[in-house]
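Each chain is listed here by its residues.
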Amino acid sequence: MKLYVPRDAAALAVDAEKVAEAVLAEAKIRGTEVELVRNGSRGMLWLEPLVEVERDGVRHAFGPVSPRDVAALFDAEWGDHALALGPTEEIDWMKRQTRLTFARVGVIDPLSLEAYEAHGGLKGLRRALGMTGPEMIEEMKESGLRGRGGAGFPTGIKWDTVQKAQADRKYIVANADEGDSGTFADRMLMEGDPFSLIEGMAIAGICVGATQGYVYLRSEYPEAIHVMREAIRIARAHGLLGASVLGSGFAYDMEVRVGAGAYVCGEETSLLNSLEGKRGVVRAKPPLPAIEGFLGKPTVVNNVISLGTVPVIFEKGAAHYRDFGLGRSRGTIPIQIAGNVKFGGLFETAFGTTLGALVDEIGGGTASGRPVKAVQVGGPLGAYFPRALFDTPFGYEEFDGEGGLIGHAGVVVFDEQADMLGMARFAMEFCAVESCGKCTPCRIGAVRGVETVDRIARGDADAIPLLTDLCDTMKDGSLCALGGFTPYPVLSALMHFPDDFHARGKEAAE
Ligand SMILES: Cc1cc2nc3c(=O)[nH]c(=O)nc-3n(C[C@H](O)[C@H](O)[C@H](O)COP(=O)(O)O)c2cc1C
Ligand code: SF4
């Protein structure tokens, strides 16, 4: 009997390890032979730990399974049981997705290179090795892939700049700082399919002429650090990394570097300083990291999902990827649904699904059962969208047109009890705490922002225009998007939920 118990951090947090132990113990007592595979998560987090049994080549899901359910599940021979969910791929949440980047996550043992290859792994790299550097750039440009870290910059254009730069050394850096609130796609990919990131980084390295790569990984992800390091070791032992990648003659190697935990260290120049052992302070641009990056050398800095998507683009061809999507947002996007929501998790789909469909249909509305009040998309710098904007399709330009951003595609849901003045205050406070201190509009502005929101809360209506003025200064004068985008959650809260500001102010004044 082949059983799957995830080793993803989200599953481990709800006792997946104890479930795995109970499965082995129960099998031993019964004398049943069990092959236990520790896979990544399927992304249906409300069902974790989600245990699967493979029968006639079909995987059947059970969840959420607790250690004390295990004996009864064996009694039922992993068939007819209250926790049975049917074939995993037939669950509505799975059926509605288009999994390109996450195709293997939750399916395979993340540390089995054999399973990786059996599921299409390394085909992209092998194809890339038969192409010239400029042909690879064309493939990337043709795919339409845009950076999934937040800014949505075309990946092919970034690689082109690094490829054309003249230097004795170049670098690839995977940004695995994943600081946005409600996001976990990078972690899930690294824990569930680490070879896809390694393969993507190797393709990037060979394409631009970089021989060394780094995964800058946040210290809050110990599982991901462990799995990535182990996967790199295995990849090296199998000749996928090293002096001659898959015997091609191209050298490329990589390692994990652990960040100490600062939101601003996800910003690429701050990240590079941190990687060099310096304080994580933002560098002024230009020069771009693509020209002068790590140790002053041309560097590709890309998000984990951007790099982890490269193998499937090369495996299936740019056109296959580009044919999904909407407008200038091509391909698929792994959306992370979180906050006060019934069904939270990772949902990969082509761009174009509306925000309302994601929240109401896929997310199932709020966990509290109360009406949705606001949704913050794009992390702590993203705007709050009211229900009136639920028709907005998921796309870079479409969200921008409504004063929002997609960022790393985190969707955080709030119910009617959310206090939007409090959320505006939190945005300013977050910026004040996380500011690197390099520029005045952010360093001082965020502190003044907290004070100004507090004045509004105390009933001082004159402070409202002051807050909008301050936001304009932060938008126009900040060196990076931390100070420059903090006004978006603040002003969207003020614009879409004015009652929370005026009513609270009036109440306090009376
Ligand atoms: C304050 C701040 C925090 C950021 N945090 C992250 C992060 O955690 N992960 C990430 O990939 N990009 C983050 N970014 C964006 C990076 O600066 C950069 O645009 C990205 O890593 C480039 O990769 P991409 O083109 O693949 O998205 C952040 C930007 C800012 C301004
Ligand atoms: S906006 Fe804030 S985080 Fe960005 S450079 Fe200025 S002080 Fe640093």
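Whatever comes next refers back to the structure up there.
Draft legend 1. Spatial organisation of the site of ligand 1. Residues in close proximity to ligand 1 total 19 residues, the closest being Gly149, Asn175, Asn302, Asn303 and Ser306. Within the backbone of Gly266, a nitrogen or oxygen atom sits 3.2 Å from a nitrogen atom of ligand 1. For ligand 1, whose unbound accessible area comes to 620 Å², protein coverage reaches 92%. Ranked by residue count, the leading element in the shell around ligand 1 is strand E9 (residues 299-303), at 3 residues. In the shell around ligand 1, the residues fall into 4 nonpolar, 9 polar and 6 charged.

Draft legend 2. Spatial organisation of the site of ligand 2. Taken together, 13 residues sit near ligand 2, with Cys436, Lys438, Cys439, Cys442 and Cys480 positioned nearest. Here ligand 2 is seated within the largest cavity. A breakdown of the residues in the shell around ligand 2 according to their chemical character gives 8 nonpolar, 4 polar and 1 charged.

Draft legend 3. Structural view of the sheet that holds strand E15 (residues 384-385). Ordered in space as E13-E12-E16-E14-E15, the 5 strands form an open sheet in which the pairing is mixed. Each end of this open sheet is capped by a strand with a single partner; those strands are strand E13 (345-350) and E15. Taken together, the 5 bridges between strand E14 (residues 372-377) and strand E16 (residues 410-415) define a ladder with antiparallel strand orientation. In the strand pairing of E16, Ala374 is matched with Phe414. The sheet strands contacting helix H15 (residues 355-362) are strand E12 (332-339), E13, E14, E15 and E16, and the helix crosses E14 at an angle near 120 degrees.

Draft legend 4. Expanded view of unusual backbone geometry. In this structure, Pro286 follows Lys285 across a cis peptide bond, with omega equal to -5 degrees. That bond from Pro286 to Pro287 is cis: its omega, 5 degrees, falls within 30 degrees of zero. Among the secondary structure elements, Pro287 is positioned in the loop between helix H12 (268-275) and E9. One non-glycine residue, Asp15, lies in the positive phi region at around 80 degrees. With respect to the helices, strands and loops of the structure, Asp15 is situated in the loop between helix H1 (9-12) and helix H2 (16-30). For Asp15, a relative accessible area of 32% translates into the label partly exposed. In the Ramachandran plot, Leu122 falls in the positive-phi region, its phi being about 75 degrees despite a non-glycine side chain. Tracing the sequence through the fold places Leu122 in the loop between helix H5 (113-118) and helix H6 (123-129). Residue classification places Leu122 among the buried residues on the basis of a relative accessible area of 2%.

Draft legend 5. Expanded view of the pairing of E16. Most of E16 is tucked away: 6 of the 6 residues are buried. In E16, alternate side chains face the same way, and those of Gly410, Val412 and Phe414 on one face and Val411, Val413 and Asp415 on the other are all buried. Here E12 pairs with E16 via 4 bridges, running parallel. The residue bridging Ile337 from the neighbouring strand is Val411, located in E16.

Draft legend 6. Region of the structure containing the side chain of Arg38. Relative to the helices and strands, Arg38 resides in the loop between strand E2 (35-37) and strand E3 (51-55). Among the polar contacts made by the side chain of Arg38, one reaches the main-chain carbonyl oxygen of Val5 at a distance of 2.8 Å. Of note is the side chain of Arg38, whose polar atom sits 3.2 Å from the backbone oxygen of Pro6.

Draft legend 7. Quick peek at the nonpolar core. Counting residues in each nonpolar core, the largest one holds 67 residues, and the members touching the most others are Trp159, Met190, Ile198, Val215 and Leu217. Among the elements that take part in this core, helix H10 (residues 194-208) stands out by supplying 10 residues, more than any other. The residues touching Leu217, leaving out its near neighbours within four places in the chain, are Ala176, Met190, Ala224, Ile225, Met228, Val256, Arg257, Val258 and Gly259. By size, the runner-up hydrophobic cluster in this structure holds 40 residues, among which are Val264, Ala427, Leu470 and Val490.

Draft legend 8. Representation of the packing of aromatic side chains. One pass over the full model with this rule turns up 16 aromatic pairs. Their ring planes at 50 degrees and their centres at 4.9 Å tell us that Trp46 and Phe343 sit as a pair that is tilted. Taken as a pair, Trp46 in the loop between E2 and E3 and Phe343 in the loop between E12 and E13 lie far apart in primary sequence, 297 residues in all. Classification of Trp46 as partly exposed rests on a relative accessible area of 26%. A relative accessible area of 29% means that Phe343 is categorised as partly exposed. Aromatic side chains Phe351 and Tyr396 sit 5.5 Å apart centroid to centroid with 40 degrees between the ring planes, which places their arrangement in the tilted category.

Draft legend 9. Structural detail: the pattern of salt bridges. Applying the stated criterion across every chain yields a total of 36 salt bridges. Of the charged contacts in the structure, one is a salt bridge between Glu255 and Arg257, with a shortest N-O distance of 3.1 Å. Relative accessible area serves as the criterion here: at 29%, Arg257 is assigned to the partly exposed category. Ionic pairing is found between Glu451 and Arg448, a salt bridge with its closest N-O pair at 3.0 Å. Highlighted residues: Glu451 and Arg448, both in helix H19 (residues 445-457), separated by 3 residues, approximately one helical turn. Judged by its relative accessible area of 39%, Glu451 is partly exposed.

Draft legend 10. Region of interest: the pairing of E12. Among the 8 residues in E12, 7 count as buried, and that is most of the element. Where E12 meets E13, 6 bridges bridge the pair, whose relative direction is antiparallel. Residue pairing for E13: Thr332 is matched across the bridge by Ala350. What sits between E12 and E13 in their antiparallel hairpin is a turn of 5 residues.

Draft legend 11. A look at helix H8 (residues 155-164). Of all 10 residues making up H8, 7 are buried, and the element is well covered by its neighbours. Listed in full, the buried residues belonging to H8 are Thr155, Gly156, Lys158, Trp159, Asp160, Val162 and Gln163. Its buried side turned inward, H8 meets helix H7 (133-143), H10, H12, E9 and helix H13 (304-316).

Thresholds, definitions, all that
Residues numbered from 1 in each chain as written. Chains lettered and ligands numbered in written order. Predicted model: local features only at pLDDT ≥ 70, side-chain atom pairs only at ≥ 80, totals over all residues. Heavy atoms only, no water. Near = heavy atom within 4 Å. Polar contact = N/O pair within 3.5 Å; in protein donor to acceptor, adjacent residues only side chain to side chain. Areas by Shrake-Rupley, 256 points an atom, 1.4 Å probe, with all protein chains shown as cover. Helix = DSSP H or I, 4+ residues; strand = E, 2+ residues; numbered from the N terminus. Nonpolar A, V, L, I, M, F, W, Y, C, P; charged D, E, K, R; others polar. 1 Å grid on protein atoms, 1.4 Å probe; cavity = no way out; pocket = protein on both sides within 12 Å on 5 of 7 lines; lining within 4 Å. Sits in = over half its atoms within 2 Å of the grid points. Pairing = 2+ DSSP bridges. Contact = heavy atoms within 4.5 Å. Axes fitted to C-alpha atoms, helices over the stretch in contact; angles between N-to-C directions. Buried < 20%, exposed > 50% of the residue type's maximum accessible area, 1.4 Å probe, protein only. Core = buried A, V, L, I, M, F, W, Y, C linked by side-chain atoms within 4.5 Å. Phe/Tyr/Trp six-rings, centres within 6.5 Å; stacked < 30°, edge-to-face > 60°. Salt bridge = Lys/Arg side-chain N within 4 Å of Asp/Glu carboxyl O.

Limitation: the analysis is restricted to geometry and does not speak to function.
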